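# Descriptive structure summary
The residues making up each chain are set out below.
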Amino acid sequence: MCDHSDEASPNLVSNLTSKNNLLKGVTVSRWTLPDDANIYGNVHGGTILKLIEEAGAILATRYCNTAGPVKPEPCIAAMVRIEHMDFLLPMKIGDVAHLTAEIVFTSAHSLLVEVMVQAEDIIAGTRRKTNRARLWYVPLEKSGTVQAVPQMQYCSPEEEERGKRSYEEQKTDREKNPMPEKSVIPYTGCTECEVETVPFSQTCLSFLVGPNDVTFNRHCRGGVLLKLMDECAGIVAVKHCRTNVVTACLNATNFYKMIQIGSVVTVCGQITFTSNRSLEVEVVVEFVTPFEKNSQSQRAVDAFFTYVSIDEKGKALPVLPLKVKTEEEKARFTAGEQRYQNRKQKMQMAK
């Protein structure tokens, strides 16, 4: 990674709008409070996910509007994909979250933003890295039209090549995994199911998209959805483990459709796989726009969250094995096990 920062300039306006500063110029800080955390004092993964998406959106929106020629129509950057989202260490109540965002690649109509999160203990005066993420954004006009993205200048051919590989990989993944035509989580609402089975911990949440949840283009912000998805998946994980849980990672995730203000959103989650020390939860987000005639439920996003069961001191606990009953559940368990092995392999290669 190269340094895109400029030398200090007495002219604040020109310094902010210089192209290099637009690539690496967003640092968001927030003091975490008790309502951000669970009963054990760990900050909710959904709170961190929301902050990460906001940092990426600020940088991407600023860059797309000011880095290139003056645009006839302003745009807002919308998140369309999570390449990866890693939870390295827990964040505690009272920590100050510092998020730094940097643009690492631009294509004709999208850009890749890398976000790093540090937690500062302001009493001890120490910092630790807690999260890292890579997010894809596209610039949207108010009409929904995708704008062209100003092209960045790379520090080396290798840096550009890495970005191109990421772009091709995400493009291939989206082609291999198109939006499902129907929901894959039929909610049973089971109240007398056998414990440790899929239906026992299955959970659905709903909410109405209001003014506080949307961008200036009146589309629901990606961070709002991620926070609700983590809450839903966390409930599923707690119901299965019957212990405290923490988010470990979020797999590559595609956003299929933008959700407008006034839509009713439903988030459903179910366990797909358990290992000795972790469990995977699939989350599906669908929405309906009740004010539109003949509006039908549509898929907005789906994702796989991984959780770890921990005790009151933060020590990892064994996870109760999932009891799979149907052929569909067995197939999902096998697919989840493959994703688990792929994650382990990637982590070993990254060391």
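Conventions adopted
Residues numbered from 1 in each chain as written. Predicted model: local features only at pLDDT ≥ 70, side-chain atom pairs only at ≥ 80, totals over all residues. Heavy atoms only, no water. Helix = DSSP H or I, 4+ residues; strand = E, 2+ residues; numbered from the N terminus. Buried < 20%, exposed > 50% of the residue type's maximum accessible area, 1.4 Å probe, protein only. Contact = heavy atoms within 4.5 Å. Areas by Shrake-Rupley, 256 points an atom, 1.4 Å probe, with all protein chains shown as cover. Salt bridge = Lys/Arg side-chain N within 4 Å of Asp/Glu carboxyl O. Disulfide = S-S within 2.5 Å. Phe/Tyr/Trp six-rings, centres within 6.5 Å; stacked < 30°, edge-to-face > 60°. Lys NZ or Arg CZ within 6 Å of the ring centre and 35° of its normal.

Okay, the overall build of the chain next. A count of helical and extended segments in the chain gives seven helices and 11 strands. In the chain, which comprises 351 residues, the proportion classed as buried is 48%. Sequence separation of 24 or more characterises 73% of the internal contacts of the chain that already satisfy a separation of 6 or more. On the chain, roughly 17,800 Å² of surface is accessible, and the fraction owed to carbon and sulfur atoms is 54%.

Quick look at the pattern of salt bridges now. The full count for this structure, using the stated rule, is 22 salt bridges. In this structure, Arg134 and Glu114 form a salt bridge, with 3.0 Å as the shortest nitrogen-oxygen distance. With Arg134 in strand β5 (residues 126-140) and Glu114 in strand β4 (residues 111-121), this residue pair connects regions lying 20 residues apart in the sequence. Under the relative-accessibility criterion, Arg134 is labelled buried at 16%. For Glu114, a relative accessible area of 18% corresponds to the buried category. Between Glu327 and Lys330 there is a salt bridge, with the nearest N and O atoms lying 3.6 Å from each other. One end of the pair is Glu327 and the other is Lys330, both in helix α7 (residues 327-350) and three residues apart, which spans about a single turn. What makes Lys330 partly exposed here is its relative accessible area of 38%. Through salt bridges that share partners, Glu194, Glu196, Arg242, Lys323 and Lys325 make up one connected network.

For the rest of this paragraph, the subject is the state of the cysteines. By the definition in use, this model includes one disulfide. Paired through a disulfide, Cys204 and Cys268 show a sulfur-sulfur distance of 1.8 Å. Disulfide Cys204 to Cys268: torsion about the S-S bond roughly 105 degrees, handedness right-handed. Of this pair, Cys204 sits in strand β6 (residues 203-208) while Cys268 is found in strand β9 (residues 264-274), placing the two residues 64 residues apart along the sequence. The thiol sulfur of Cys75 is not disulfide-bonded, and the nearest other cysteine sulfur, from Cys64, lies at 5.1 Å. The class of Cys75 is buried, set by a relative accessible area of 3%.

A few words on the packing of aromatic side chains. Enumeration over the complete set of coordinates arrives at seven aromatic pairs. Judged by centre distance (6.2 Å) and plane angle (75 degrees), the ring pair of Phe105 and Trp136 falls under edge-to-face. Of this pair, Phe105 sits in strand β3 (residues 96-106) while Trp136 sits in strand β5, placing them 31 residues apart in sequence. Taken as a pair, Phe105 and Trp136 share a single burial class, namely buried. Among the aromatic residues, those joined into a ring-pair cluster are Phe105, Trp136, Tyr154 and Tyr167. The positively charged end of Arg339 is found above the aromatic ring belonging to Phe304, 3.7 Å away from the centroid.

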